[in-house]
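# Structural description and commentary
Here is what each chain is made of, one letter per residue.
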Amino acid sequence: MHLLVTGGAGFIGANLVIRALDQGHDVTVLDNLSSGHLINLRSVQNDIRFIEGDVRNPAILERVLPDIDVVYHLAASVGNQRSMENPYEDADVNLLGTIRVLEASREMKVKTVVLASSAGILGEPSVLPVAEDHPKNPDSPYGVSKMAAEAMALVYERIFGLRTVALRYFNVYGPLQRYDAYGNVIPIFARQILRHEPITVFGDGEQTRDFIHVNDVAQATLTAGIEERAHGIYHIGTGLGASINGLVDLMQDVFHSAGQVRYLPSRSGDVRHSMAAVDRAVADLHFRVTCSLPDGLLSYRNWLLEESEPCAY
């Protein structure tokens, strides 16, 4: 099949591209490189068609979509804190960009669009683990924009017959994930450890997250576009919760570090606990968790130490 991955030079997107090529698919990547890095695709640069461009540009979409079977739409503005500082940009990229992709895909007769959604649309869960029908109560503009994009994708299936699948990722980590001050806690902690800085924890550290390795996310995402019975919303996590304090202990062990931990006040928009119910993904996407958190952190450490400048990002 011929696949298009928007945001394919980003962390999850590049891992998806590599996995799709390994399984024999043709891949086109569309990325404006605002947060993605071509270095993420260096191992497959001769095996893909790469187009630098923005999903909000209809001319670019008209250029790349002919002959595409499945669109994996991962291009996004990511992060609660970033969205609070610039809600206009967040909505423009996440909602209007998604509408551009959906409309162009419909016009070009694409079979399926898989949308990268987020557990951030749920807000503070009232029950754990969190199933797909849990009420949505986002705590940030990012959560709102992803909720609206997800709803729009499902409307396109109901009204226009464009098969759409929305995957709500929980806390994804692993190789190719580069440091971003707004990003996932694992690369932030790794950067602090490698720079011999105090590990900064917001709150008391007893809040929990569902950390899932990018290899498992990439496989679930690829399957969602190819498995024709997949439709609607799926939670992609491990079904397990790990505390931030426990994560600190694991990372200090994996990185052979015993540095200082500094606790700061909790941040607005951060939920207390998060854990995915993955029954639907197991049933429809043949989803299974293959990488434990300790093993995944070790793979991330090994990748970081192979980078020439692991703290440059």
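The preceding data block contains the structure.
All of the points below concern the structure found in this document. (Residues numbered from 1 in each chain as written. Predicted model: local features only at pLDDT ≥ 70, side-chain atom pairs only at ≥ 80, totals over all residues. Heavy atoms only, no water.)

## Points about the packing of aromatic side chains
Both the distance between ring centres and the angle between the ring planes are used here to describe each pair of aromatic rings. This is how the line gets drawn: To pair, rings of Phe, Tyr and Trp, with the six-membered ring standing in for Trp, must have centres within 6.5 Å; the planes then decide the type, stacked if under 30 degrees apart, edge-to-face if over 60, and tilted in the middle. Only DSSP runs of H or I reaching four residues or more are called helices, and only runs of E reaching two or more are called strands; each is numbered from the N terminus. Think of it in three bands: with a 1.4 Å probe and only protein chains considered, a residue is buried below 20% of the maximum accessible area for its type, exposed above 50%, and partly exposed in between.
A complete count under the given rule lists 2 aromatic pairs for this structure. On the numbers, 4.9 Å between centres and 50° between planes, the contact of Y156 with F160 is tilted. Taken as a pair, Y156 and F160 lie in helix α5 (residues 141–160) at a separation of 4 residues, close to a single helical turn. In this structure F160 comes out as partly exposed when scored by relative accessible area, which is 40%. Seen from their ring centres, Y300 and W303 are 5.9 Å apart, and the 25° between their planes marks the pair as stacked. Of this pair, Y300 and W303 both sit in helix α10 (residues 293–306), 3 residues apart, which is roughly one turn of that helix.

## As for the side chain of E132
Going by this rule: For the purpose of charge, His is not counted, nor are the chain termini; Lys and Arg are scored as positive and Asp and Glu as negative. By salt bridge we mean one thing: a side-chain nitrogen of Lys or Arg within 4 Å of a carboxyl oxygen of Asp or Glu. Polar contact is the term for a pair of N or O atoms within 3.5 Å; when the atoms are in protein, one must be able to donate a hydrogen and the other to accept it, and sequence-neighboring residues count only if both atoms are side-chain atoms.
Within the fold, E132 resides in the loop between β5 (112–118) and α5. Comment: no salt bridge for buried E132; closest opposite-charge side chain is R280, at 5.2 Å. Of the polar contacts made by the side chain of E132, one reaches the backbone nitrogen of H235; its length is 2.9 Å.

## Quick notes on the environment of V261
Formally: By definition in these notes, contact holds between two residues if any of their heavy atoms fall within 4.5 Å.
Locating V261 in the fold gives a position in strand β13 (residues 261–264). Classification of V261 by relative accessible area gives partly exposed; the value is 27%. Here the alpha-carbon distance between V261 and V201, two residues 60 residues apart in the chain, equals 7.1 Å. Those residues in contact with V261 that lie beyond four places of it in its chain are I199, V201, V248 and Q252.

## Brief notes about the pattern of salt bridges
Within this structure, the stated rule accounts for 10 salt bridges. In this structure, R56 engages E89 in a salt bridge whose closest nitrogen and oxygen atoms are separated by 3.7 Å. Residue R56 is found in the loop between β3 (49–52) and α2 (58–64), and its partner E89 is found in helix α4 (residues 87–107); the two are separated by 33 residues along the sequence. With relative accessibility at 23%, the residue R56 sits in the partly exposed group.

## Observations concerning the packing of helix α6 (residues 185–194) against α10
Short version of the rule: In this analysis, axes come from line fits to C-alpha atoms, helices being fitted only over the stretch in contact, and the angle between any two N-to-C directions falls in the range 0 to 180 degrees. Any angle between 65 and 115 degrees counts as roughly perpendicular, while under 35 counts as roughly parallel, over 145 as roughly antiparallel, and the rest as oblique. Here a crossing is called left-handed whenever its near helix is offset anticlockwise from the far helix by less than a right angle, and right-handed whenever the offset is clockwise. Here the term charged refers only to Asp, Glu, Lys and Arg, the term nonpolar to Ala, Val, Leu, Ile, Met, Phe, Trp, Tyr, Cys and Pro, and the term polar to all other amino acids, Gly among them.
As a packed pair, α6 and α10 sit with axes 12 Å apart at the nearest point and diverge in direction by 55°. In terms of their interaxial angle, α6 and α10 are classed as oblique. Pair α6 / α10 crosses with right-handed handedness. Contacts between α6 and α10 involve I186, P187, A190 and L194 from the former and L297, Y300, L304 and L305 from the latter. Looking at the contact of α6 with α10 residue by residue, the classes come out as 8 nonpolar, no polar and no charged.

## Concerning the sheet that holds strand β1 (residues 2–6)
Keep this limit in mind: At least two DSSP bridges between two strands are required for those strands to pair.
With parallel pairing, 7 strands are arranged side by side in an open sheet as β3-β2-β1-β4-β5-β6-β11. Each of the sheet's edge strands pairs with one partner strand only, and the pair in question is β3 and β11 (232–236). Each adjacent strand pair in this sheet contributes to an overall mean axis angle of 20°, direction not counted. Pairing of strand β6 (residues 163–169) with β11, which is carried by 5 bridges, proceeds in the parallel orientation. Each bridged residue has a counterpart across the sheet, and for R168 the counterpart in β11 is H235. Against the sheet, α4 contacts β4 (70–73), β5 and β6, and its axis sits at roughly 180° relative to β4.

## Some points on helix α7 (residues 214–226)
Note on helix geometry: an α-helix contains 3.6 residues per turn, so any two residues three or four positions apart are oriented the same way. Convention followed: Any helix carries an expected span of 1.5 Å times its number of residues minus one.
Helix length check: α7, at 13 residues, gives a terminal C-alpha distance of 19 Å against a target of 18 Å (1.5 Å per residue), a fit within 8%. What α7 keeps buried is the set V214, D216, V217, A218, A220, T221, L222, T223, A224 and G225.

Distances and angles like these do not, on their own, reveal function.
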